[in-house]
Amino acid sequence: MGDNDAATAPTAETADLSSSSTSEGHHHRHHHHHDDGAAAEILPSPPTSTPSASGDSTSAAASDLPSPPTSTPTVTASASATSAATTEAILSLPSLPSVPSASPSASASAIHIDFGELVAGIDLLWNGKFAEAEAVFAKHKAVSPRHALHYAETVFVRSFITADNRDTEAGFQRLKECKALTDTHLKFYEKNTLPPGVLFPAANKSAFINAYFDCRVVLGEVLYMNAVLNALKGSRVKGALQLRKSWKVFEATMENFKNVDQYHPDLMISLRFGCGIFLFAMSVIPSTYLKLAEFVGFKADRVEGLKSMRETFERGSVRKSFAAIVLLFNNLLLPRGLADVTEFVASADQLVKVCLAKYPEGPFFHVFGSHCARKMGDIEKGIYHMNQALENCRSIPKPPQMFLSELASCHMMNMQWETAATGFEALVSCPEFQVRHLSSLQLVGCYMMLNRLDKATQLLHQTNAYPHKSGTDNYVDHVATKYLIAGPQLCLWEILYIKRDLAKMQRPLAAHPTLLDETAAKVPGALGLPTPAAAPKKTGFSLNTFKNIVDKPDKTANSYIVDNRALYLLIKGAILKYVTNIGCEESIALFKEILTLPRDKMVDKWYVPYAYYELCESYFYNGQRDQAIEMAKKASSIDGYTWEDMLRVRLGVTSSQLKKGASPGEVLLTKANDPALRTPGGTPGASSTTTSAAATTTPTPAPPSPSTSSSHTTSSTSTSSSGGH
């Protein structure tokens, strides 16, 4: 589920969502690279086999959609909508009043369902009352496509808490049933007849019109959800084709349902939401897939997509909370590249507070509260929010595995190794957990910090035997094999770096400044490559020489000496960026040293493109734009390495910023415009080191967090210099 535009939570603010600023936000100026592109990549994926949608997935498609009835429903032909009208069609939708409308045509008697009851069920869902919400939707799911959609959505949303394949399968099945019902109803409406069992009388023509319109919106959303699930499980082509079908439904609906006075305003907002989420989604997919999307007729426009989300949050009732989720995903979990994330985090923090005021037991909003706190450097407060989220998931029939994973990750970031290990141990024992591979590597890292080498080695062997469930599992297998041979001492640091957790650890890192070097001292080559021995005299071509060329001898621990050095330099340089500033000269020197290492001696080369990317950020911050562009190009030119997908997402954002400049609402941060480096007189400060938010602002008191055992505990009052990622 999803840089830092949000990942699962809605941006529910009454204030300006793109530019609000708080004291908590300002202290995070230097954390403009705390993007969670990796988080977006490392989400649970659905199972490899999924139920196929029944019925004609293009029922009443753009080519044969009848015009909606005005007074008496009639069936007429309509022209096919064109993809070129995407943004224009959304912009042409009129501004709509809050629901309910004062218009008689939108009154309760004119609508086809009880919207009050429906919204009450949706509020229960987002407040963590899943069983109660299901009961509301289940009452009419057999006769109302709208109820069937939210009945399916309940288990769909729950699956992102449990990360359990069985919940994902149940979500697929419910979406399939909803689509079948919707297809059936559309066939009746297009023949100007009532489907059996509808909740309004035949004489109520206004209700008929709204029911027909609502079916179109529901069909678009069902197809969209199926497309997303297929994309997450790796079926990108199938997902793209389903996405296109979904968009054609929304597009045709915009073209043919223009007499807005006839329709309930919340349905119009739902249509705007459906269209807007396409524009947003297209803007955040990796560039390699964007070309395919554009080829089949999609247009990416993050600005207009987010505008639709904000309007939905402000005016819609049915999709209000879902829009907030998208906005939080945008602000917190999408990569921001070279942009300063201060205002994005501050805006998300305000929105989380608004949502928690309405949904105090809403587990997703506590999770986003945890992400906000972590980005502000307050891991203890992040742990508090995760515990609250878990407390509010007690009624869920399956363990909230994804949330438990988030909590264990928080303890890991806080260097509470024993507590984190206990959490990960429970997760890796669950065969249905979709992020089991990655959690295993995290547990290996904790074991090594607790000096449990035997347990770490045993777990690495088990990890390679797990069946694959997510797109990152191939990477994890490769890394597990490496650490079985080279020794897993640096496993913890690699995972913290790749997951972007290291970027939020200023306080723990400042409290334990020598921990990385202490670990690296046990790893051959990490703190310095051995002096090359004199080459032996050539004695001619031997049988052993021929055997080595043909058979390629098995790798040994010595095979990874250069890799160990490269990984140490990358982690050390990143830490210096995080605890000082992005343009730190010492970190630049470490990244540049990676580029001097003999690449023919590296088993894996992922350190090289990542070093180029880190240099790109540092050079840009220091005002060296040309060098930044050169580094981005070199990073983009390399492929076929471990953790490639994570970097590609970040590179796409950064390359666009270098080429086109900042997007609306963004500020690209450099040393010259960094407020944290300004003296009281308003000129850039002489020092490249800045104090943390904890030292320069009055932080909001963190709620109490349960005490936990730890091997390396850190003080919540520790301060560090702010910087980097």
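Residues numbered from 1 in each chain as written. Predicted model: local features only at pLDDT ≥ 70, side-chain atom pairs only at ≥ 80, totals over all residues. Heavy atoms only, no water.

Student: Explanation requested: the overall build of the protein in the structure shown.
Tutor: Counting secondary structure elements, the protein contains 31 helices and one strand. The buried share of the protein, reckoned over its 725 residues, is 59%. For the protein, the accessible area works out to roughly 27100 Å², and carbon and sulfur atoms hold 56% of it. (Helix = DSSP H or I, 4+ residues; strand = E, 2+ residues; numbered from the N terminus. Buried < 20%, exposed > 50% of the residue type's maximum accessible area, 1.4 Å probe, protein only. Areas by Shrake-Rupley, 256 points an atom, 1.4 Å probe, with all protein chains shown as cover.)

Student: Can you help me understand the packing of aromatic side chains in this one?
Tutor: Each aromatic ring pair is summarised here by two numbers: the centre-to-centre distance and the angle between the ring planes. The full count for this structure, using the stated rule, is 21 aromatic pairs. Aromatic pair Trp126 and Phe365: ring centres 6.4 Å apart, planes at 50°, arrangement tilted. One end of the pair, Trp126, is in helix 4 (residues 115–126); the other, Phe365, is in helix 15 (residues 363–375), and 239 residues separate them in sequence. Each member of the pair, Trp126 together with Phe365, is buried. (Phe/Tyr/Trp six-rings, centres within 6.5 Å; stacked < 30°, edge-to-face > 60°.)

Student: How do you make sense of the side chain of Glu153 when you look at a structure like this?
Tutor: For Glu153, the location among the structural elements is in helix 6 (residues 145–162). With a relative accessible area of 1%, Glu153 lands in the buried category. Within the structure, the side chain of Glu153 is placed 3.2 Å from the side chain of His150, a separation counted as a polar contact. Among the polar contacts listed, one links the side chain of Glu153 to the side chain of Arg319, at a separation of 2.8 Å. Once you skip the residues sitting within four places of it in the chain, Glu153 turns out to touch Leu125, Met225, Arg319 and Phe322. (Polar contact = N/O pair within 3.5 Å; in protein donor to acceptor, adjacent residues only side chain to side chain. Contact = heavy atoms within 4.5 Å.)

Student: Explain unusual backbone geometry here, please?
Tutor: Excluding glycine, residues mostly have negative phi values, and the peptide bonds linking residues are mostly trans. You will see that Ala163, though not glycine, has its phi angle at about 50°, which is positive. Note on Ala163: relative accessible area 0%, which makes it buried. Residue Asn192 is not a glycine yet carries a positive backbone phi of 60°. Positionally, Asn192 belongs in the loop between helix 7 (165–190) and helix 8 (205–232). Taking relative accessible area as the criterion, Asn192 reaches 30% and is therefore assigned partly exposed.

Student: Just checking my understanding: could you explain the nonpolar core for this structure?
Tutor: A general trend in soluble globular proteins is that nonpolar side chains are found buried together. Of all hydrophobic cores here, the largest spans 190 residues; its most connected members are Trp493, Tyr497, Leu502, Trp606, Tyr610 and Trp643. Among the elements that make up this core, the one with the highest residue count is helix 8 (16 residues). What Trp643 contacts, discounting residues up to four positions off in sequence, is Leu438, Tyr475, Val476, Val479, Glu494, Ile495, Ile498, Trp606 and Tyr610. (Core = buried A, V, L, I, M, F, W, Y, C linked by side-chain atoms within 4.5 Å.)

Student: How should I be thinking about helix 28 (residues 607–621) in this particular structure?
Tutor: Every α-helical turn comprises 3.6 residues, leaving residues that sit three or four positions apart pointing alike. With 15 residues, helix 28 should cover 21 Å at 1.5 Å per step; its first-to-last C-alpha distance of 21 Å lies within 8% of that length. In terms of residue burial, helix 28 counts as a mostly covered element, since 15 of its 15 residues are buried. One or two positions beyond helix 28, positive phi appears at Gly623, with a value near 85°. (Expected span 1.5 Å × (residues − 1).)

Student: So what exactly am I meant to see when it comes to helix 12 (residues 302–315) here?
Tutor: End to end, helix 12 covers 20 Å across 14 residues, agreeing with the expected 20 Å (1.5 Å per residue, within 8%). All buried positions along helix 12 are accounted for by Glu304, Gly305, Leu306, Ser308, Met309, Glu311, Thr312 and Phe313.

Student: Just to check I follow, could you spell out the pattern of salt bridges for this structure?
Tutor: A pair can form between side chains of opposite charge whenever their charged atoms are brought close. A full pass over the atoms with the stated rule returns 30 salt bridges. Of the charged contacts in the structure, one is a salt bridge between Asp167 and Arg158, with a shortest N-O distance of 3.1 Å. Side by side, Asp167 and Arg158 carry an identical accessibility label, which is buried. Residue Arg336 pairs with Glu666 through a salt bridge whose shortest N-O separation is 3.5 Å. With a gap of 330 residues between them, Arg336 in the loop between helix 13 (320–332) and helix 14 (342–358) and Glu666 in the loop between helix 30 (644–660) and helix 31 (693–696) connect regions that are remote in the sequence. For the pair Arg336 and Glu666, one class covers both residues: buried. The network of salt bridges with common partners includes Glu134, Arg158, Asp167, Arg174 and Lys398. (Salt bridge = Lys/Arg side-chain N within 4 Å of Asp/Glu carboxyl O.)

Student: Looking at this model, I keep getting lost on the confidence of the model for the protein. Mind explaining?
Tutor: Reading predicted coordinates in detail is not appropriate for stretches of low pLDDT. Mean pLDDT over the protein stands at 78; residues scoring 70 or higher make up 71%. Throughout residues 1–34 the model reports pLDDT below 50, and contacts reaching past four residues in sequence, or to other chains, amount to 202 contacts. A low-confidence stretch, residues 37–107 stays under pLDDT 50, and its non-local contacts, those more than four residues away or across chains, total 180 contacts. (pLDDT = per-residue confidence, 0-100.)

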